[in-house]
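# Residue-level structure breakdown
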Amino acid sequence: MSKHPDVVIVGGGIIGLTAAYFLARAGFAVEVLDRSDLGREASWAGAGIIPPGNPDRAAAPIDKLRAIGSARFPGFSAELRERTGIDNGYRMCGGIEFLYAHETDVVGAWEEEGFPFERLSRAGLASVEPAAARIAGEPYLLPTCAQVRNPWHLRALIAACERAGVRLRPHTPVAGWATAGGRVVGVRLGTGKTAAGHRFLLAAGAWSGELLESLGLRPGIHPVRGQIVLFNRPSPGIERVLMIGKRYFVPRGDGRVLVGSTEEPEAGFERWATPRGVGELLGFATGLFPEWAAAEVERCWAGLRPGSPDGLPFIGPVPGWDNVFVAAGHFRAGIQLSIGTGQVTAELFQGKPTSVPLDAFRLDRTPEAQVRPAFRS
């Protein structure tokens, strides 16, 4: 790497690392700084749901961003495995989304996008996922819904970044920006030193707000705690991802099942699991699967999602600073939006037209209360 990297990325979660890999593969010298261990915040804590998608027909920018990830995840997973020898656990297990009457407007978006789905009768539900018979709502089978094991994926991504020449610097907190002549020339580290670079990408998740504020912007990025419970091989088991409103069940290949998640903006930066949150999830799970009351709860944990006022991420240039960019605020969808975000970031830095119009994600947008992605988890 040259004396100063082409791109300094602040934040080593799923978004920062994916962007780093795409940029390095495009020929940029990249350095990633993270306040803690790489990939150990919301990225590690997530359930790894990859909803279906068709990037050629997705209408809304947020759905196109998600669909890029859906379409590219099989190939990207294979690429990471070939380069690192690490399996990220990607598998197309299928899913079932349960919709209530006021939620069925998303079916039109699914039809327009053109990925496969099927409205199941109650008998059909009992046939394909017998244990889910107690779940209310209209069941829709999504055969191309997939999942990834977040910790495994992050290990593969970190190793791939290293092999691509990315300089990774965990435990390197950023205290602010170093400016000269109206431009950012580096980031000030907690040690008092400065990490210089030519361009900068802020991808610090829930911690991005303070660094943006020091550049004169307050887009409203904030932490939203989410808690998850892991059941150890409950019986009866399930085969597919089950999505019910903001909650879900994710069956791993080894029989374990993740149950999530809470949504707690009031928790601030407190990222530990609580008796109340865990109790809510256990009540939710055993209310639908009473037999699971006897199952072992193997682990509980929490993560801080980076929320935004309208639930959409911020991607693109930072107004007023011609060499600073942002990729933050991905809320519940970091894993599924990571590939699309990495792709458009690399295109942006190369001066190419972006695969997804970025106007909907600009930092100075007026939040729209009516934004409704085709998938929420």
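See the structure above.
Here's a quick rundown of the structure. (Residues numbered from 1 in each chain as written. Predicted model: local features only at pLDDT ≥ 70, side-chain atom pairs only at ≥ 80, totals over all residues. Heavy atoms only, no water.)

## Brief notes about the sheet that holds strand β6 (residues 138-142)
On the basis of which strands lie adjacent, the open sheet formed by eight strands has the order β5-β6-β4-β14-β15-β16-β13-β17 and mixed pairing. In this open sheet, the two strands that pair with only one neighbour each are β5 (118-119) and β17 (296-307). With respect to the sheet, helix α4 (residues 106-113) is in contact with β4 (95-99) and β6, its orientation differing from that of β4 by roughly 140°. In the packing of helix α8 (residues 275-288) onto the sheet, contacts are made with β13 (222-232), β14 (241-244), β15 (247-251), β16 (257-260) and β17, and the angle to β13 comes to roughly 50°. (Pairing = 2+ DSSP bridges. Helix = DSSP H or I, 4+ residues; strand = E, 2+ residues; numbered from the N terminus. Contact = heavy atoms within 4.5 Å. Axes fitted to C-alpha atoms, helices over the stretch in contact; angles between N-to-C directions.)

## Some details on helix α9 (residues 334-349)
When the local axis directions of α9 are compared, the greatest deviation, roughly 25°, occurs at G340. Just beyond α9, the residue with positive phi is G351, at close to 75°. (Bend = angle between axes of the 7 residues up to and from the residue.)

## Topic: the pairing of β14
Because side chains alternate across β14, one face comprises the buried residues V241 and M243, and the other comprises L242 and I244, equally buried. Pairing analysis gives four bridges linking β4 to β14, with the strands arranged parallel. Paired with E97 across the bridge in β14 is M243. Counting the residues between successive antiparallel strands, the hairpin from β14 to β15 contains two residues, one of them, G245, with a positive phi of roughly 60°. (Buried < 20%, exposed > 50% of the residue type's maximum accessible area, 1.4 Å probe, protein only.)

## Remarks on the pairing of strand β18 (residues 314-318)
Along β18, four of the five residues are buried, which leaves the element largely enclosed by surrounding structure. In this sheet, strand β19 (residues 321-328) lies alongside β18 in antiparallel orientation, the contact comprising five bridges. Within β19, the position partnered with I315 by the bridge is A327. Once β18 ends, the chain turns through two residues before running back antiparallel as β19, passing G320 with a positive phi of about 90°.

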